[in-house]
Amino acid sequence: MKFWPYIFTVLLTLTFSCSQENQGDETPKIEIIGLSKHAMKQGDLNQDSVWLQFRFEDGDGDFGYGVNDSRSEIKVFDNRTNLLYDQFKIPELPPSNGAVQKGTIQILLFTSCCLFPNGIPPCSSPPQFPEDSLRLKIHILDRAGNMSNEVVTDKITLFCI
């Protein structure tokens, strides 16, 4: 339940709309709008952060597990390691009755440690490696378990010193 302490500090802005147009693709789709910045100081706690904004569309309108379900709809992975970087639960959405759901989501992602070769410990500050970089891979899941396309952010520079 790593995300519950952040649910109030991680601002999740959801602009939501339903459309009575024909039901679309059952597989959700996402598209990155942008990042608030492209560099952060490394850290193993919340020393720095970046806002990520993306659009979503779910053709059959079943996005969002609801507040009584502990599963997270948004998954973020570190492309350097392919490990889960963070996950987020969205607020309750109004029923769409099968109509297309579209919206914009903004999430706050906290920094990570620099990773180094030759067994140098992460989050250290070796002078020979002043910077690292990462890209974050994002996808969403709907109630039927359909996974959206995966999108990857632009490069984010991590300052290691």
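Residues numbered from 1 in each chain as written. Predicted model: local features only at pLDDT ≥ 70, side-chain atom pairs only at ≥ 80, totals over all residues. Heavy atoms only, no water.

What follows concerns the confidence of the model for the chain. Model confidence for the chain is summarised by a mean pLDDT of 87, while 85% of its residues fall at 70 or above. In this model residues 1–16 is a low-confidence stretch, pLDDT under 50, and it forms 44 contacts with partners more than four residues away in sequence or in other chains. Overall, residues 18–22 carries pLDDT values under 50, and its contacts beyond four positions in sequence, including any with other chains, amount to 10 contacts. (pLDDT = per-residue confidence, 0-100. Contact = heavy atoms within 4.5 Å.)

Mapping Asp132 onto the fold places it in strand 8 (residues 131–134). Overall, Asp132 belongs to the buried group, its relative accessible area being 16%. In terms of polar contacts, Asp132 uses its side chain to reach the side chain of Arg80, at 2.7 Å. Not counting residues within four places of it along the chain, the set of residues in contact with Asp132 comprises Arg80, Cys114, Leu115, Ile156, Thr157, Leu158 and Cys160. (Helix = DSSP H or I, 4+ residues; strand = E, 2+ residues; numbered from the N terminus. Buried < 20%, exposed > 50% of the residue type's maximum accessible area, 1.4 Å probe, protein only. Polar contact = N/O pair within 3.5 Å; in protein donor to acceptor, adjacent residues only side chain to side chain.)

The next thing to look at is the sheet that holds strand 8. Spatially, the three strands line up as an open sheet ordered 3-11-8, and their pairing is mixed. Only two strands of the sheet have a single neighbouring strand rather than two, namely strand 3 (39–41) and strand 8. Averaged over all pairs of adjacent strands, the angle between strand axes in this sheet comes to 30°, irrespective of strand direction. Two elements, strand 8 and strand 11 (residues 156–159), share four bridges in a ladder whose sense is antiparallel. Among the inter-strand pairings, Glu131 is bridged to a residue of strand 11, identified as Phe159. (Pairing = 2+ DSSP bridges. Axes fitted to C-alpha atoms, helices over the stretch in contact; angles between N-to-C directions.)

With the rule as written, the count across this model stands at two aromatic pairs. Considering the side-chain rings of Phe56 and Phe63, the 4.8 Å spacing of their centres and the 45° angle between planes classify their relative orientation as tilted. Taken individually, Phe56 and Phe63 each receive the classification buried, so the pair is uniform in this respect. Between Phe116 and Phe129, the ring centres sit 5.9 Å apart and the planes meet at 45°, which makes this aromatic pair tilted. Separated by 13 residues along the polypeptide, Phe116 in the loop between strand 7 (100–110) and strand 8 and Phe129 in the loop between strand 7 and strand 8 bring together distant segments of the chain. Note on Phe116: relative accessible area 13%, which makes it buried. The exposure class assigned to Phe129 is partly exposed, which follows from its relative accessible area of 24%. (Phe/Tyr/Trp six-rings, centres within 6.5 Å; stacked < 30°, edge-to-face > 60°.)

Glycine aside, residues mostly have negative phi, and peptide bonds are mostly found in the trans state. For Asn97, which is not glycine, the phi torsion reads 50° and is therefore positive. Here Asn97 shows up in the loop between strand 6 (83–88) and strand 7. Backbone geometry places Cys123, a non-glycine residue, at a positive phi of 70°. Within the fold, Cys123 resides in the loop between strand 7 and strand 8.

Here the structure, examined in full by the defined rule, presents two disulfides. Note that Cys113 is cross-linked by a disulfide to Cys123, the S-S spacing being 1.8 Å. Across the disulfide from Cys113 to Cys123, rotation about the S-S bond amounts to roughly -85°, and the bridge is consequently left-handed. With Cys113 in the loop between strand 7 and strand 8 and Cys123 in the loop between strand 7 and strand 8, the pair connects residues that are 10 residues apart, well separated along the chain. Its relative accessible area of 24% is what places Cys123 among the partly exposed residues. The connectivity of the disulfide-linked cysteines in the chain, indexed sequentially, is 1-3, 2-4. (Disulfide = S-S within 2.5 Å.)

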